[in-house]
Amino acid sequence: MKTYNYSELTASDIQKLVQRNVDPANEIRTIVEDVIANVQQHGDKALLDYALKFDKVELNKLYLDKAELAEIAKAISADQKAALETAYSNIYKFHQTQLKTEDKVETMPGVTCWRELRPIEKVGLYIPGGSAVLPSTFLMLGIPARIAGCHEIVVCSPPQKNGKVNAFIAYVALMLGIDKIYLAGGSQAVAAMAYGTETVTKVDKIFGPGNQFVTKAKTIIQSTTTTAIDMPAGPSEVLVIADETAIPAYIAADLLAQAEHGIDSQAVLVCTSADIAQKAVAEVEKQLPVLPRAEIAKLAIDNSYVVIAGSLSEAMNFSNQYAPEHLILATNSWEQITGSIVNAGSVFLGNLTPESAGDYASGTNHTLPTSSYARAYSGVSVDSFVKKITFQHITREGINNIGHAVEVLAELEGLHAHRNAVSVRKQ
Ligand SMILES: NC(=O)c1ccc[n+]([C@@H]2O[C@H](COP(=O)([O-])OP(=O)(O)OC[C@H]3O[C@@H](n4cnc5c(N)ncnc54)[C@H](O)[C@@H]3O)[C@@H](O)[C@H]2O)c1
Ligand SMILES: N[C@H](CO)Cc1c[nH]c[nH+]1
Ligand SMILES: [Zn+2]
């Protein structure tokens, strides 16, 4: 892994280092725009054609129904079932606490304001299934959607070679009470949920991570349709901040865990100890070749790097500019530095907290902003599946109390009809 010294980096060097997955020649955009236009024009037929072109499978039907899912799910073992149940239970417990009723506020006597939650009616969940099928993502999206009370949940996932989804995706569908899965992947799935086709319902908001095609499609449709998106959740990434108390083998395992997601993933180590950094890189070289996905992980590691920082505060400075999807604090001093985290999707504290725990089963959501979008976006939560509608009620006393201020403000904006709407009510 290429190593840089933080003290030698200029502001523009840092700018270059923290950039990822840029599409300067608009190659991804061009492909995705074409796919979107095709799905918009040809609906289901385009989805079937793309299944053949990209997923190499000829489908005779675009979805699996409840009976088919139940049959596929039978292949799952007791141990696998138990692991999914543990994940379900922890994710459910953590997300359930996010559903909060807010207090009413009397801003002045007789003027009361409050907010109430309403579920987004139709939501679309994208479950990745290209280079790895991710049933964990189905739990991460389906559980908060169910807790929020969304009425219609449309699910798309790429068809596997046998023209179906795997047993784990089918089992999670049963756990979540979801009766249908559309066999569509990539940007075509996003387009189908944004525009609707003969069989796929148009949804109000699309959720879920995916590769660069999926992410680009989400960012395009949010400006060309009335369908919203959760966030740009693209190729996985991790930044590990480590000091002399970190354990090189653990750091390497965490870097490789995200590197194995895809060749466009990135794993960055920012370390205050040159010795630990060197040992961690040696560990990466030792652990990598024996991974079944070594080829993928190697390309991602080639696209990753190490920064040697003078102090934990310098390391955090770099991390805040990088705005990682996952931030691991591999130091016994983590309590002293959490307050200085400004930009990160999800944070893992201390040497015994692997990021994989959050990916699968600790309870937090793993659908998180990548490519520095953690500067402004949060990960998926129950909040992502609801709207917060404001309400207000004004009494006779209230209209007399607030009336004058509104009349003056309407007057100064030259909006007399606004002023009159108050004046006619005042006594
Ligand atoms: N940020 C997060 O929260 C998060 C969570 C989980 C996974 N991820 C990321 O999700 C991604 C999953 O990617 P994946 O590829 O395995 O699965 P995917 O389901 O995102 O994409 C597979 C689909 O991409 C389309 N595709 C493939 N090649 C194409 C091409 N040349 N042109 C147009 N479309 C093409 C195909 O339709 C295929 O079905 C990984 O990058 C992983 O890191 C991110
Ligand atoms: N690390 C991914 C989020 O970037 C989530 C995931 C799913 N399965 C394994 N990992
Ligand atoms: Zn992961």
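For clarity, every value in this text was computed on a predicted model and none was experimentally measured.

I tried to follow the site of ligand 2 on my own but got confused; where do I start?
Around ligand 2, the neighbouring residues are Leu 134, Ser 136, Ser 236, Gln 258, His 261, Glu 325, His 326, Asp 359, Tyr 360 and His 366. Within the contact set of ligand 2, a nitrogen atom lies 3.4 Å away from a side-chain nitrogen or oxygen of Ser 136. Here Ser 236 contributes a side-chain N or O atom positioned 2.7 Å from an oxygen atom of ligand 2. Calculation on ligand 2 without its partners gives an accessible area of 290 Å², and the protein chains cover 93% of this total. For the shell around ligand 2, a count of residues per class yields two nonpolar, six polar and two charged.

Looking at this structure, I do not really get the site of ligand 1. What am I missing?
As a matter of local geometry, ligand 1 sits amid 30 residues, with Asp 55, Tyr 126, Ser 131, Asn 211 and Ser 236 nearest to it. A distance of 2.8 Å is found between an oxygen atom of ligand 1 and a backbone nitrogen or oxygen belonging to Asn 211. Contact distances for ligand 1 include 2.9 Å between an oxygen atom and a backbone N or O atom of Leu 368. Looking at side-chain class alone, the shell around ligand 1 contains 13 nonpolar, 15 polar and two charged residues. Residue assignment places the shell around ligand 1 across two domains, with domain 1 (27–103 + 119–232) and domain 2 (235–375) each supplying three or more.

Before we go on, may I ask you to explain the coordination of the zinc ion (ligand 3) in this structure?
Reference values for angles at a metal are 109.5 degrees in the four-donor tetrahedral case and 90 or 180 degrees in the six-donor octahedral case. Around the zinc ion (ligand 3), the protein contributes the donor atoms His 261 (NE2) and Asp 359 (OD), at 2.1 Å from the metal centre. For the zinc ion (ligand 3), the four donor atoms are set out with angles of 88 to 179 degrees between them, so the coordination reads as irregular. A residue pair is termed long-range when its members are at least 10 positions apart, and His 261 in the loop between helix 10 (248–259) and strand 11 (266–271) and Asp 359 in helix 15 (residues 355–360) qualify at 98 residues. Of the residues examined, His 261 reaches a relative accessible area of 31% and is grouped as partly exposed.

Sorry, what's going on with unusual backbone geometry here?
As a rule of thumb, non-glycine residues mostly have phi less than zero, and peptide bonds are mostly trans rather than cis. In this structure, Asn 26 takes a positive phi of about 55 degrees despite not being glycine. Secondary-structure assignment places Asn 26 in the loop between helix 1 (11–18) and helix 2 (27–42). Even without being glycine, Lys 56 reaches a positive phi, approximately 60 degrees. Positionally, Lys 56 belongs in the loop between helix 3 (44–55) and strand 2 (63–64).

Can you help me understand the layout of surface pockets in this one?
One way to see where empty space is left: roll a probe the size of a water molecule over the atoms. Its volume calculated, the second largest pocket comes out at about 390 Å³. For the second largest pocket, the lining is made up of 21 residues, of which Arg 20, Asn 21, Val 22, Ser 371 and Tyr 373 are closest to its centre. Broken down by element, the residue count for the lining of the second largest pocket peaks at four residues, all from helix 9 (residues 212–224). The class makeup of the residues in the lining of the second largest pocket is six nonpolar, 11 polar and four charged. Viewed by domain, the lining of the second largest pocket spans two of them, domain 1 (27–103 + 119–232) and domain 2 (235–375), each represented by three or more residues.

Just to check I follow, could you spell out the side chain of Lys 205 for this structure?
Structurally, Lys 205 can be placed in strand 8 (residues 205–207). One buried charge, Lys 205, has no salt-bridge partner; the nearest side chain with opposite charge is Asp 230, at 7.1 Å. Within the structure, the side chain of Lys 205 is placed 2.8 Å from the backbone oxygen of Ser 384, a separation counted as a polar contact. With residues near it in sequence (within four places) discarded, Lys 205 still touches Ile 120, Lys 122, Val 123, Gly 124, Thr 227, Ala 228, Ile 229, Asp 230 and Ser 384.

Whenever I open this one, the nonpolar core confuses me. Can you help?
Soluble, globular proteins show a tendency: their nonpolar side chains are buried together. Ranked by internal contacts, the top residues of the largest apolar core, which has 73 residues, are Val 123, Leu 125, Phe 138 and Phe 385. When sequence neighbours within four positions are dropped, the list of residues in contact with Phe 138 reads Leu 125, Ile 127, Ile 143, Val 155, Ile 169, Val 172, Ala 173, Leu 176, Ile 178 and Ile 181.

Mind showing me how you'd approach the pattern of salt bridges here?
Side chains bearing opposite charge may pair, as long as their charged atoms lie close to each other. Summed over the entire model, instances satisfying the criterion amount to 14 salt bridges. Among the ionic pairs, Lys 61 bridges to Glu 68, the shortest N-O distance being 2.8 Å. The exposure class assigned to Glu 68 is partly exposed, which follows from its relative accessible area of 28%. Between Arg 115 and Glu 102 there is a salt bridge whose closest N-O contact spans 2.8 Å. With Arg 115 in strand 4 (residues 111–119) and Glu 102 in the loop between helix 5 (78–96) and strand 3 (105–108), the pair connects residues that are 13 residues apart, well separated along the chain. Residue classification places Arg 115 among the partly exposed positions, given a relative accessible area of 36%. The class of Glu 102 is partly exposed, set by a relative accessible area of 33%.

What's the story with the domain arrangement of the protein in this structure? I'm lost.
One frequent convention defines the size of an interface as the accessible area lost when the parts assemble. Taken domain by domain, the protein holds domain 1 (27–103 + 119–232), domain 2 (235–375) and domain 3 (395–427). Between the C-alpha centres of domain 1 and domain 2 the distance comes to 28 Å. Residue-level contacts link 19 residues of domain 1 with 19 residues of domain 2. Here domain 1 meets domain 2 over a buried area of about 1,500 Å², counting both sides, of which 59% is carbon and sulfur. Taken as a group, Met 140, Met 231 and Pro 232 account for 35% of the area that domain 1 buries against domain 2, more than any other trio of residues on that side.

Just to check I follow, could you spell out the UniProt feature "binding site: Zn(2+)" (unreviewed entry) in the protein for this structure?
Per the UniProt record, the feature "binding site: Zn(2+)" (unreviewed entry) sits at Gln 258, His 261, Asp 359 and His 418. Their sequence span is 161 residues, while the largest C-alpha to C-alpha distance among them is 55.8 Å; these annotated residues do not converge on one region. In contact with His 261, not counting residues within four places along its chain, are Ser 131, Ser 236, Arg 293, Ile 296 and Asp 359. For Asp 359, a relative accessible area of 10% puts it in the buried group. Only 3.2 Å separates the side chain of Asp 359 from the side chain of Gln 258, close enough to count as a polar contact.

Reading guide: rules and limits
- Residues numbered from 1 in each chain as written.
- Chains lettered and ligands numbered in written order.
- Predicted model: local features only at pLDDT ≥ 70, side-chain atom pairs only at ≥ 80, totals over all residues.
- Heavy atoms only, no water.
- Near = heavy atom within 4 Å.
- Polar contact = N/O pair within 3.5 Å; in protein donor to acceptor, adjacent residues only side chain to side chain.
- Areas by Shrake-Rupley, 256 points an atom, 1.4 Å probe, with all protein chains shown as cover.
- Nonpolar A, V, L, I, M, F, W, Y, C, P; charged D, E, K, R; others polar.
- Domains from an automatic or database assignment.
- Donors = N, O, S within 2.8 Å, 3.2 Å for Na, K, Ca; no water.
- Tetrahedral: all angles 85-135°; square planar, octahedral: opposite > 155°, others 65-115°.
- Helix = DSSP H or I, 4+ residues; strand = E, 2+ residues; numbered from the N terminus.
- Buried < 20%, exposed > 50% of the residue type's maximum accessible area, 1.4 Å probe, protein only.
- 1 Å grid on protein atoms, 1.4 Å probe; cavity = no way out; pocket = protein on both sides within 12 Å on 5 of 7 lines; lining within 4 Å.
- Points joined across faces, edges and corners; volume = space filled by probe spheres on them.
- Lys, Arg positive; Asp, Glu negative; His and termini not counted.
- Salt bridge = Lys/Arg side-chain N within 4 Å of Asp/Glu carboxyl O.
- Contact = heavy atoms within 4.5 Å.
- Core = buried A, V, L, I, M, F, W, Y, C linked by side-chain atoms within 4.5 Å.
- Buried area = accessible area lost by both parts, 1.4 Å probe.
- UniProt positions renumbered as here; feature names shortened; annotations may be inferred.

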